[in-house]
Amino acid sequence: MQSAHIPFCKRYLKAYASKPVIELLDEVGLLESDVFPDSCMLNALAKRFYDKWSAPVFKDQGTYDESENRYYETIISEDNTVPTREESWHDLFNALVWLQFPKTKKYLNTLHVKDIVSYGANPRTERRNRITHFDECGIVLAVEIPAPSFKNDQKNQKQSASYIDNKLNAVDVAQWLNALANHQWHDVFIQSRSVWHNQVTPFIFGHANLEMMLSPFIGLTGKWLAVPVAQGFSELDKWEQRQVLDEAMLARLNELNDFNSAPLLKPLPLLGVPGWHNDQTPAFYANKDYFRPLRANAKPTIQLPL
């Protein structure tokens with residue numbers, strides 16, 4: 001179903017949308033709303049979750065003058081506002097990603113504008129195509145690795161039994177990522193299923209993916225970016241995780257040459273992520289039309305080794 005026909009209705013969403021969509025809307029306090037969130041509501045959320053919101057504010061598309069013809073990324077950069085179409089699921093989810101990862105979203109805008117200044121808005125540069133792909137379809141994998149400290153008080157944080165039971169060492173994580181990159185789906189989704197949400201915590205960064213998860217379908221695929229974080233990350237609350245990951249993504253993107261180098265992103269069948277789909281039976285994972293083997297001529301990602 002086209003998202004334009006999907007109502008902003010808790011009953012509908014809980015019946016049809018994927019779990020990450022429902023959880024996100026619930027977490028930010030929008031799931032119970034009986035009206036489609038507008039820019040005023042989104043700006044209020046920014047004030048609620050941040051003591052000081054330094055990212056752009058959201059502005060309803062309908063409030064812009066008809067003569068406005070600047071490029072979208074240029075408006076964000078010059079006016080410090082994000083044009084947001086009214087009653088648009090796509091733009092709502094874009095705003096919610098801004099709320100979760102404001103520094104990374106602002107950095108992507110900066111990279112866009114640098115290329116626009118140097119090469120013009122159209123056609124897009126190869127780098128801008130990669131940035132857009134990540135912005136629309138990116139899945140960020142927060143990968144826990146050994147580190148002296150995560151936060152100043154991390155040493156004193158009590159780790160749960162489930163975390164201690166499920167954590168892996170760095171070599172295991174490296175092998176797991178290699179299996180993921182090589183489409184060894186049985187290994188990453190079934191054999192090493194406990195890695196998910198423990199040693200590797202997935203986040204949906206691409207707002208187009210969130211939009212498509214309103215009405216999930218076999219074939220729904222994102223593109224993953226692995227970002228190292230310190231051990232214990234999975235034990236933080238969700239907003240602490242996002243703040244840590246927002247900083248870590250900046251460092252990771254810089255390390256990977258700010259989308260100037262390729263190949264970078266690799267495919268991830270989203271409905272295979274544990275907990276993201278209801279029908280995760282052995283038969284579901286055996287569907288090779290969805291969980292496709294690696295192409296013989298596929299080039300390795302520059303992300304690995306981590």
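All values derive from a computational prediction rather than experimental measurement.

### Side note on the sheet that holds strand β5 (residues 221-230)
An order of β4-β3-β5-β6 is seen for the four strands of this open sheet, with the pairing classed as mixed. Of all the strands in the sheet, the pair left with one neighbour each is β4 (200-204) and β6 (266-269). Sheet twist, expressed as the mean angle between neighbouring strand axes with direction ignored, is 40°. One ladder, built from eight bridges, connects strand β3 (residues 138-145) with β5; its direction is parallel. By the bridge assignment for β5, Val 143 is matched with Pro 228. Sheet strands touched by helix α7 (residues 126-137): β3 and β5. Its angle to β3, the strand with the most contacts, is close to 80°.

### Points about the confidence of the model for the chain
Of all residues in the chain, 92% have pLDDT values of 70 or greater, and the mean over the chain is 92. Note on residues 149-171: pLDDT is under 50 here. Beyond four places in sequence and across chains, it has 32 contacts.

### A short note on unusual backbone geometry
With an omega of -5°, the peptide bond running from Asn 122 to Pro 123 counts as cis. Within the fold, Pro 123 resides in the loop between α6 (102-119) and α7. Here His 183, not a glycine, exhibits a phi torsion of approximately 60°, which is positive. Backbone geometry places His 197, a non-glycine residue, at a positive phi of 70°.

### As for the packing of α6 against helix α12 (residues 238-255)
At a closest axis distance of 7 Å, the pairing of α6 and α12 adopts a crossing angle of 35°. Along its contact with α6, which presents Pro 102, Lys 103, Thr 104, Tyr 107 and Leu 108, the element α12 presents Asp 246, Glu 247, Met 249, Leu 250, Leu 253 and Asn 254. A breakdown of the residues in the contact of α6 with α12 according to their chemical character gives six nonpolar, two polar and three charged.

Scoring rules and cut-offs
- Residues numbered from 1 in each chain as written.
- Predicted model: local features only at pLDDT ≥ 70, side-chain atom pairs only at ≥ 80, totals over all residues.
- Heavy atoms only, no water.
- Pairing = 2+ DSSP bridges.
- Helix = DSSP H or I, 4+ residues; strand = E, 2+ residues; numbered from the N terminus.
- Axes fitted to C-alpha atoms, helices over the stretch in contact; angles between N-to-C directions.
- Contact = heavy atoms within 4.5 Å.
- pLDDT = per-residue confidence, 0-100.
- Nonpolar A, V, L, I, M, F, W, Y, C, P; charged D, E, K, R; others polar.

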